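If you want the building blocks of each chain, they are given just below.
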Amino acid sequence: MKKILNALFLTLLAVFTFSSCSDVPAPYDILGEGDVPGLTGGGTKEDPYNIETAQKKQDGSIAWVQGYIVGCVDGEGKAIATESKFEAPFTIASNILIADTPNETNYKNCIPVQLVGGSDVRTALNLKDNAGNLGKVVMIYGSLEKYFGVAGLKSATAAVLDGTEIGEGGSEQPSGSLIELLDATNPVNQVVNTFDEAEKDKDYLKEGYVNFAEVGGRTWRGKPHEGNGLIQATAYGSKQPSVISWFVTPAVNVAQMEVKKVTFDCISAYYKEGTKLEVYFLEKNGNELNQTLLNVGTLPQDADGYSEPVTLTGDLTAIGDKVGFIGFKYIGSEAASGTYQIDNLYVGVEATENPEPSPGPEPEENSVFVETFGETVKTNTNVADFTGWDNKNLKFEVANSKCNIRAKAHMTDANRTEQTKVNSIWFPAGNDHSFTISGIDASKYSKFIVKYELGANVFNQGTSIDLNVLKVLLNDVEVTAASKVVSNDNKDANVFFDMQVEIDVQGTANSTLKFSATGADNTMGLLLYNVRLIGVTGDSEEPGLGEADGTEEHPYSVADVIAFNSTKKGPYYVKAYIVGSANGSMDKIQTSDFSRDTNIVIADQQNEADKSKLVPVQLPSGAIRTEWGLKANPGKLGKQVLIQANLENYFSVPGLKSPTSIVEVAK
């Protein structure tokens, strides 16, 4: 037996030695762009990556990954190193961990998978609701990129579990042909698309448009940059001998166009010989698709990084009175792996025109000035070079030239589909920025309201920011606006929200208004529009505050506390209803089965559930906690109370701390 084992050992040793020598790369066996050594599998549905391969190939590409469901990151802090959990019960549904073996308990050998809220994939795979999935084999289709700070799989759109297909997408190529996807029954006379809603690294899908991978499995995907929406096609990292990707507009009726042309902005990146972008007029003729190549001018071909946007135009006059489509055809390959991006698409209308211009803001009483930053620019413009200000007598400056002027669709909370553009001041994320307006004659007033519209670049899944990170200063007196959190989950990307602050400061004949944000606070990028400075006269009622002054006779409301946003401390009196308790954070409001007595949550209305209208109240140890803590006194829920306390941030939101008294209001 020993002889047999020894023989086997020597044989294996010889094989290993021979293999090791023969696997040394030849001098010209050099990895190409996007290649990763040691990959197994092709990332397709038929040949998915395993966990080890997925950990190596973290390049943002979209692929299938197969593994065993072994747990999830299950904790408030969502720290994968300390809060990975590998056995039931599970409390979080937003992610799972998959591994190459069914009993893996080391997070370093796992891939965390993001389960997008509201998706079929989350519904079917999350362990909170499907504990029986633990240990099962699953295939998941998503983006290979970091999640929880480690190699992960994000934005999962499709999966296969127990032989059942889950979700949509995941096929290497849409079924059918391009002609089958085109619908010419309801043509329009113009198309305008600024791609502001394009989501990073996701297929751009919009009603009426066709996004089709003819060859090579690549589609047009969102690639927003510094707050500007774009879509792009690329063959980078595809390892395909041919890639052909179509992006096609809704049907257009050329006969009804006021302007018979197509105009768009084009950007190239890392151009490689053979990469092409062609623009066609496509006409359905029975079962055939007639393709007329349009001359749109010279495309950029930058090989080092990204080019500047180039505006290209194609004449549709020669098309005649036809109904058809404008089709953008990207052509590339593993060798011709360059990228093309398109933006600001106008068909049948001049690119400088707004098809349905919206009225400008109306002047307000005691208005010192209104600034909407003038006529919309065609390209991003440095503040120092811009001359189209509404108030040409004022001086406009930025501390960092990256803080510039750009035209954005004026989407608001009331109209999230608006495509009419307005100029905005762009504060890029990650750097300290300020925008200053000086030379303002505000000498008539000693109190002011500053109103403005503000949006944020929350394009990526799971991102959010509080718009009050942009501080307002008038004559060096700084104030902070009330909290307004915007998020990708709520589809708030680049939506403009109304903001305002009040400032008590003596105006002068040469006053200065400044907006500023630190790089640490501004994590997403901000867009500022429609700045208004309004003077408050002595006999004017304070907007939103009524007669309240924080005294026992005229106590503040919860709305007042939120509006002050801890800019006043006190102590002051506040009158409100007890609506619950925060279980560790304002994201976990309890209205029964209370876990703690350390705080209560108040609102202006009984049974209020909107978190933006709630204020937490600290209950320090002692008589107040003993009497008002809801764990010990659940019957206090719903009571109207008068609280004397300091107006200070609590749980990172406007709140009340160090209360000196809480009394029930007699009915």
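Okay, so let's go over this structure. (Residues numbered from 1 in each chain as written. Predicted model: local features only at pLDDT ≥ 70, side-chain atom pairs only at ≥ 80, totals over all residues. Heavy atoms only, no water.)

## Some remarks on the side chain of S424
Here is the rule we go by: Numbering goes from the N terminus for both helices and strands, where a helix is a DSSP run of H or I of at least four residues and a strand is a run of E of at least two. In this scheme, a residue with accessible area under 20% of its type's maximum is buried, one over 50% is exposed, and one in between is partly exposed, where area comes from a 1.4 Å probe on protein chains only. By definition in these notes, contact holds between two residues if any of their heavy atoms fall within 4.5 Å.
By secondary structure assignment, the location of S424 is in strand β23 (residues 421-427). Given the relative accessible area of 0%, S424 is considered buried. With near-sequence residues (within four places) excluded, S424 lies in contact with F373, N404, I405, R406, K408, F496, L527 and L528.

## What about the sheet that holds strand β31 (residues 511-517)?
Rules: One bridge is not enough; two strands pair if DSSP finds at least two bridges between them. Every angle, taken between N-to-C directions, lies between 0 and 180 degrees, and every axis is a line fitted to C-alpha atoms, over only the stretch in contact when it is a helix.
Pairing in this open sheet of 5 strands is antiparallel, and the strands run β21-β24-β31-β27-β28 from one edge to the other. With one partner strand each, in any of the chains shown, β21 (395-398) and β28 (477-479) form the two edges of the open sheet. Pairwise comparison of adjacent strand axes, ignoring direction, gives a mean angle of 15° for this sheet.

## Quick look at the pattern of salt bridges
Opposite charge on two side chains allows them to pair when their charged atoms are near. To keep it simple, the criterion reads: A side-chain nitrogen of Lys or Arg and a carboxyl oxygen of Asp or Glu constitute a salt bridge if their distance falls within 4 Å.
Following the criterion strictly, the structure yields 15 salt bridges and no others. Between K639 and E664 there is a salt bridge, with its nearest N and O atoms 3.6 Å apart. Placement of the pair is K639 in the loop between α7 (623-628) and β37 (640-650) and E664 in strand β38 (residues 653-664), with a sequence separation of 25 residues. Residues participating in the shared-partner salt-bridge network are D413, R416 and D492.

## Focus on the packing of aromatic side chains
Inclusion rule: Two aromatic rings from Phe, Tyr or Trp, using only the six-membered ring of Trp, form a pair when their centres are within 6.5 Å; if the ring planes differ by under 30 degrees the pair is stacked, by over 60 it is edge-to-face, and anything between is tilted.
Counted by the stated rule, this structure contains 22 aromatic pairs. For the ring pair Y204 and F247, a centre distance of 5.9 Å and an interplane angle of 65° mean the geometry is edge-to-face. Of this pair, Y204 sits in the loop between β8 (191-193) and β9 (210-215) while F247 sits in strand β12 (residues 243-248), and the two are 43 residues apart along the sequence. Note on accessibility: Y204 and F247 belong to one class, buried. Geometrically, the ring pair formed by Y270 and Y306 is edge-to-face, given 5.8 Å between the ring centres and 80° between the ring planes. Here Y306 lies in the loop between β16 (288-293) and β17 (310-315) and Y270 lies in the loop between β14 (261-269) and β15 (276-285), a separation of 36 residues in the sequence. Judged by relative accessible area, Y306 falls into the partly exposed class, the value being 46%.

## Concerning the nonpolar core
What counts is decided by this rule: By nonpolar core is meant a set of buried Ala, Val, Leu, Ile, Met, Phe, Trp, Tyr and Cys residues that side-chain atoms within 4.5 Å join together.
One finds I425, F435, Y452, F515 and L528 to be the most contacted residues of the largest nonpolar core, which totals 51 residues. For this core, the secondary-structure elements that each account for two or more residues are β22 (404-409), β23, β24 (433-440), β25 (447-456), β27 (471-474), β30 (497-504), β31 and β32 (526-535). Examining the composition of this core, we find that 5 residues originate from one element, β25, more than from any other. Judged by nonpolar contacts, the second largest core, of 34 residues, contains L277, V279, V296 and L345.

## A word on the environment of K56
Mapped onto the elements, K56 comes out in helix α2 (residues 51-56). On the accessibility criterion, K56 (37% relative accessible area) is partly exposed. When the C-alpha atoms of K56 and A151 are compared, they prove to be 7.8 Å apart, with 95 residues separating the residues in sequence.

## A look at the pairing of β15
For β15, a buried count of 7 out of 10 residues is recorded, marking the element as mostly surrounded by other parts of the structure. Summarising the sheet, β15 and strand β18 (residues 323-332) pair through 7 bridges and their orientation is antiparallel. Each bridged residue has a counterpart across the sheet, and for L277 the counterpart in β18 is Y330. Of the strand pairs in this sheet, β15 and β16 are connected by 6 bridges, and their pairing is antiparallel. From the neighbouring strand, N285 faces β16, where its bridge partner is E288. What sits between the antiparallel neighbours β15 and β16 is a turn of 2 residues, in which G286 has the positive phi angle 65°.

## A few points about the side chain of Q644
Test applied: Here a polar contact is recorded for every N or O atom pair within 3.5 Å, except that within protein the pair must consist of a potential hydrogen donor and a potential acceptor, and residues adjacent in sequence are included only if both atoms are side-chain atoms.
Positionally, Q644 belongs in strand β37. Overall, the relative accessible area of 19% leaves Q644 in the buried class. In this structure the side chain of Q644 is engaged in a polar contact, spanning 2.8 Å, whose partner is the side chain of T660. Contact partners of Q644, with chain neighbours within four places excluded, come to P571, Y572, Y573, P659, T660 and S661.

## As for the environment of L630
Among the secondary structure elements, L630 is positioned in the loop between α7 and β37. What makes L630 buried here is its relative accessible area of 0%. Note: C-alpha distance between L630 and R596 (34 residues apart in sequence) is 7.2 Å. Discounting chain neighbours no more than four positions away, the residues touching L630 are I578, G580, S581, F594, R596, D597, I600, K636 and L637.

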